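Residue-level structural notes
Chain by chain, the residues run as shown.
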Amino acid sequence: MRKNSIKSLLFLFLPGVLIMGCYKNETRYFDDAADPGIVIFSDNGNNILSCFIEGKPWRTVSRITSGFPSLHTNFEVDIIKQPATGLRDTLIIKWLGYFSGNENSQGYLSLHLAVPPNFSYRDLSALQGQRLHIDATKGFFSTSITGLNTGNTNGSGDIYFHTAQFDSIAPGSYSGSISGLFEADFNSFKITRGRFDHIITPEQVFF
C-alpha cells in the first residue's frame with residue numbers, strides 16, 4: 001500500500017518538475033553602477049528595457065520561454081504596425097513592465113510612430129543609427145501603468161536606435177534586434193535614462 005502511495009506521488013510530482021525544468025529566463029539583468037536601479041546600456045540581446053519614471057526604477061518583465069511548443073512565451077516587447085484610414089499608419093513598440101520590486105504594478109510603455117502604409121521590415125532596419133525627436137507630428141509616447149496618474153496625456157521626447165536589424169525569414173515573418181536610448185516628458189512626470197536591448201523573434205512582430 002505504501003509503495004502504491006509513493007508511486008502516485010511520483011506520478012503527480014515528476015511532470016511538474018519536467019515542465020518547470022523546461023522554462024528558461026532569456027532576460028539578463030546587469031546593474032548600472034552609475035545609475036542604481038536600472039541596467040547598463042547594452043546591445044547584446046539582453047531582452048530588457050529599464051528607465052526611471054518619476055525617479056523610480058521601472059523595468060520590463062523577464063522573457064520566459066518554454067521547451068513545450070504549446071506553451072506561450074512571456075515576451076517583454078512587441079512591434080506592431082497598426083493600419084489607419086488616412087495616409088499614415090502607426091508603428092507601435094510596446095513594452096510590458098513594472099516598478100522594480102513590485103511586479104503587481106505591471107503596465108505598458110509604448111512608442112507610437114507615424115509611418116507610411118508601405119513601411120516594412122527594411123524600414124525598421126533603416127532606423128539604425130537614427131535619433132528621432134518625438135512630437136505631435138512624428139508620434140508620441142504613451143503609458144498605461146498602475147499607480148501612475150497620466151490622464152490622457154501623450155508624451156514627447158527623444159529616442160535613439162543604436163541597433164535596428166531585421167530580416168525576412170518567411171513571407172510575413174520577421175526577426176531581428178533593437179537597442180537604444182530614450183527619454184520622454186509627459187508634463188506631469190518624466191521618463192529618464194531609458195535604455196533597451198532586445199532580440200526580436202517572429203512572434204513579436206505584427207505587420
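Anyway, here's the lowdown on the structure attached to this text. A quick note: this is a predicted structure, and the numbers were derived from the prediction, not measured.

What follows covers the environment of Asp 32. Within the secondary structure, Asp 32 is located in the loop between strand S1 (23-25) and strand S2 (48-53). Under the relative-accessibility criterion, Asp 32 is labelled buried at 13%. Sequence-distant contacts of Asp 32, that is, excluding residues within four places in its chain, are made with Ile 38, Val 39, Ile 40 and Arg 195. Polar contacts involving the side chain of Asp 32 include one to the main-chain amide nitrogen of Ala 34, which spans 2.9 Å.

So, on to the nonpolar core. With 37 residues, the main nonpolar core has Ile 53, Leu 111, Ile 159, Phe 182 and Ile 191 as its most contacted residues. In contact with Phe 182, not counting residues within four places along its chain, are Leu 49, Cys 51, Leu 109, Phe 141, Asp 158, Ile 159, Ile 191, Arg 193, Gly 194, Arg 195 and Phe 196.

Applying the stated criterion to the full structure yields nine aromatic pairs. An angle of 55° between the planes, with centres 6.3 Å apart, marks the rings of Phe 119 and Phe 207 as tilted. With Phe 119 in the loop between strand S7 (107-115) and helix H2 (121-125) and Phe 207 in the segment after strand S13 (205-206), the pair connects residues that are 88 residues apart, well separated along the chain. Assessed through its relative accessible area of 9%, Phe 119 is described here as buried. For Phe 207, a relative accessible area of 35% gives the class partly exposed. Measuring from ring centre to ring centre gives 6.3 Å for Phe 182 and Phe 196, while their planes differ by 45°; the resulting arrangement is tilted. Here the residue Phe 182 occupies a position in strand S11 (residues 173-185), and Phe 196 occupies one in strand S12 (residues 190-200), the gap between them amounting to 14 residues. Here Phe 182 and Phe 196 have matching classes, each one buried. Chaining the aromatic ring pairs together yields one cluster made of Trp 95, Phe 141, Phe 161, Phe 182 and Phe 196. The residue whose ring lies beneath Lys 56 is Phe 99, and the NZ or CZ to ring-centre distance is 4.5 Å. Against the face of Phe 207 rests Lys 81, its NZ or CZ located 5.8 Å from the ring centre.

Thresholds, definitions, all that
- Residues numbered from 1 in each chain as written.
- Predicted model: local features only at pLDDT ≥ 70, side-chain atom pairs only at ≥ 80, totals over all residues.
- Heavy atoms only, no water.
- Helix = DSSP H or I, 4+ residues; strand = E, 2+ residues; numbered from the N terminus.
- Buried < 20%, exposed > 50% of the residue type's maximum accessible area, 1.4 Å probe, protein only.
- Contact = heavy atoms within 4.5 Å.
- Polar contact = N/O pair within 3.5 Å; in protein donor to acceptor, adjacent residues only side chain to side chain.
- Core = buried A, V, L, I, M, F, W, Y, C linked by side-chain atoms within 4.5 Å.
- Phe/Tyr/Trp six-rings, centres within 6.5 Å; stacked < 30°, edge-to-face > 60°.
- Lys NZ or Arg CZ within 6 Å of the ring centre and 35° of its normal.

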